[in-house]
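Observations on the model geometry
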Amino acid sequence: MKNIVERIMVSWKGIYFILTLFCGSFFGSIFMLGPFLPLMFVSPSWYRWINSRLVATWLTLPVALLETMFGVKVIITGDAFVPGERSVIIMNHRTRMDWLFLWNCLMRYSYLRLEKICLKASLKSVPGFENSKARSNDFAEKNGLQKYEYVLHPRTTGFTFVVERLREENVSWAHMLFGLLRYQDTAHSWKNLDAVHDITVAYPHNMPQTEKHLLLGDFPKEVHFHVRRYPVDTLPESREGLQLWCHKRWEEKEERLRSFYEGEKNFHFTGQTVIPPCKSELRVLVLKFLSILYWTLFSPAMCLLIYLYSLVRWYFIITVVIFVLLERIFGGLEIVELACYRIFHKQPHLNVKKNE
């Protein structure tokens with residue numbers, strides 16, 4: 001009976017986590033981002049500046065919930081981040097939820113405001129690491145490559161394209177992640193890439209694979225991030241060289257993770273210590289407390305306004321319809337935003353061949 005009660009209580013933690021994130025994201029999009037939509041057609045740069053800061057307020061919420069309410073411990077070792085540095089971040093994926101836990105790392109180095117997610121549409125439906133591992137092994141067998149136990153073989157086309165584009169002048173993309181993407185306006189900068197950060201993520205205890213595990217309250221006890229920084233001038237110039245460089249990093253990740261899981265389940269064997277955060281832990285604690293307080297009050301307050309005022313109800317309905325139409329007709333708000341940016345900055349459309 002006790003075990004049944006504990007499982008029910010744990011599941012309620014997951015339900016609270018998912019519902020809190022969903023309600024904050026939904027009402028935040030309508031009532032925080034919605035009023036600024038017209039600005040996108042007048043000044044895309046100002047719209048992006050405001051949008052990134054509003055979205056960052058929500059991105060602090062999962063970080064706050066995971067660490068404050070569910071006791072997730074984040075440990076970061078290796079090379080330090082440089083605040084404001086424009087970087088491509090490559091990271092292995094042990095679960096579908098790595099991107100969520102990465103926010104705990106980025107928050108401590110003032111990167112949340114710039115972080116954006118960009119991944120292949122096919123990856124949205126990947127059922128988990130084990131299924132992906134089978135596909136990775138098939139890929140390795142067909143191409144005569146080593147089969148990995150702890151990582152998946154990287155698809156280097158996206159990585160090489162991102163690095164090559166960011167090396168060009170007058171490119172507006174400034175922060176990209178292979179699988180995850182961050183960007184900002186750099187129209188007045190000739191240099192758009194400072195470094196590549198190679199992050200290895202590991203879970204010494206439990207490893208939630210999908211959203212279902214979080215819904216059941218299966219949150220990781222610890223998440224370890226090991227960071228290696230490579231200045232852009234140390235990267236190969238050719239596309240073939242970049243592909244080989246990326247494969248070499250994944251070979252190192254495989255050995256690093258093997259030592260992690262077969263050893264003491266930490267990255268101390270690398271000889272690199274814990275990275276001091278840019279933000280003090282006191283400041284991080286205050287931000288997490290304010291985030292939980294704000295979003296706990298925000299969603300109920302918006303529901304109350306919808307209930308009390310017909311004008312708010314009409315605004316709510318119209319804004320929801322606009323978001324739905326943008327998704328159905330254009331494929332998402334970000335597509336419209338990018339089109340507006342290209343028009344204002346007269347950037348040619350990038351035609352990327354599939355399977356290049």
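Before any of the text, the structure's been laid out above.
The rules behind the values
Residues numbered from 1 in each chain as written. Predicted model: local features only at pLDDT ≥ 70, side-chain atom pairs only at ≥ 80, totals over all residues. Heavy atoms only, no water. Phe/Tyr/Trp six-rings, centres within 6.5 Å; stacked < 30°, edge-to-face > 60°. Helix = DSSP H or I, 4+ residues; strand = E, 2+ residues; numbered from the N terminus. Buried < 20%, exposed > 50% of the residue type's maximum accessible area, 1.4 Å probe, protein only. Patch = residues over 30% accessible without salt bridge, like charges linked within 9 Å, V, L, I, M, F, W, Y side chains within 5 Å. Areas by Shrake-Rupley, 256 points an atom, 1.4 Å probe, with all protein chains shown as cover. Salt bridge = Lys/Arg side-chain N within 4 Å of Asp/Glu carboxyl O. Contact = heavy atoms within 4.5 Å. Expected span 1.5 Å × (residues − 1). Arc of directions from axis to C-beta.

**Describing the packing of aromatic side chains**
Evaluated as defined, the whole model comprises 23 aromatic pairs. For the pair Phe17 and Phe219, a centre-to-centre distance of 5.2 Å together with 80° between the ring planes defines the contact as edge-to-face. You can see Phe17 sitting in helix H1 (residues 2–33) and its partner Phe219 sitting in the loop between helix H7 (211–215) and strand E7 (222–231), a full 202 residues away along the chain. Geometrically, the ring pair formed by Phe260 and Tyr261 is edge-to-face, given 5.0 Å between the ring centres and 75° between the ring planes. Aromatic ring contacts, followed pair by pair, group Phe22, Phe26, Phe27, Phe31, Tyr315 and Phe316 into a single cluster.

**A word on unusual backbone geometry**
In this structure, Lys265 takes a positive phi of about 60° despite not being glycine. Relative to the helices and strands, Lys265 resides in the loop between helix H8 (239–262) and helix H9 (281–308). The class for Lys265 is partly exposed, based on a relative accessible area of 35%.

**A look at a nonpolar patch on the surface**
The grouping of Trp314, Ile317, Ile318, Val321, Ile322, Leu325, Ile329, Phe330 and Ile335 at the surface amounts to a nonpolar patch, some 890 Å² of accessible area in total. With 8 residues, helix H10 (residues 310–330) is the largest single contributor of residues to the nonpolar patch. When its relative accessible area of 48% is taken as the criterion, Phe330 is described as partly exposed.

**Digging into the environment of Tyr111**
Following the sequence through the fold, Tyr111 ends up in the loop between helix H4 (98–107) and strand E3 (115–116). Residues Tyr111 and Pro83, spaced 28 residues apart in sequence, show a C-alpha to C-alpha distance of 7.5 Å.

**With respect to the pattern of salt bridges**
The final tally for this structure, using the stated rule, is 13 salt bridges. Here Glu67 ties to Lys288 by a salt bridge, and the two come within 2.8 Å at their closest N and O atoms. One end of the pair, Glu67, is in helix H3 (residues 44–69); the other, Lys288, is in helix H9, with 221 residues separating them in the sequence. A relative accessible area of 13% means that Glu67 is categorised as buried. The partner of Asp79 in a salt bridge is Arg228, with the nearest N and O atoms 3.7 Å apart. Taken together, the residues span a long stretch of sequence, with Asp79 in the loop between strand E1 (73–78) and strand E2 (87–91) and Arg228 in strand E7 at a distance of 149 residues. Several salt bridges converge on common partners, so that one network encompasses Glu67, Arg108, Glu281 and Lys288.

**Regarding the environment of Leu242**
Structurally, Leu242 is set in helix H8. For Leu242, a relative accessible area of 0% corresponds to the buried category. Considered as a pair, Leu242 and Glu164 are 78 residues apart in the sequence and their alpha carbons are 9.3 Å apart. Ignoring any residue separated from it by four or fewer positions in sequence, one finds Leu242 in contact with Phe159, Thr160, Val163, Glu164, Arg167, Leu235 and Pro236.

**A look at H10**
Helical geometry note: an α-helix holds 3.6 residues per turn, so side chains three or four residues apart project in the same direction. An ideal rise of 1.5 Å per residue puts 30 Å on 21 residues; H10 measures up with 30 Å between its terminal C-alpha atoms. All of the buried residues in H10 are Val312, Phe316, Thr319, Phe323 and Leu326. Across the axial projection of H10, the buried residues extend over an arc of 100°, all falling on one side. Facing away from the buried side of H10, by more than 90 degrees, are the exposed residues Trp314, Arg328 and Ile329. Of the residues one or two after H10, Gly331 is the one with positive phi, at around 95°.

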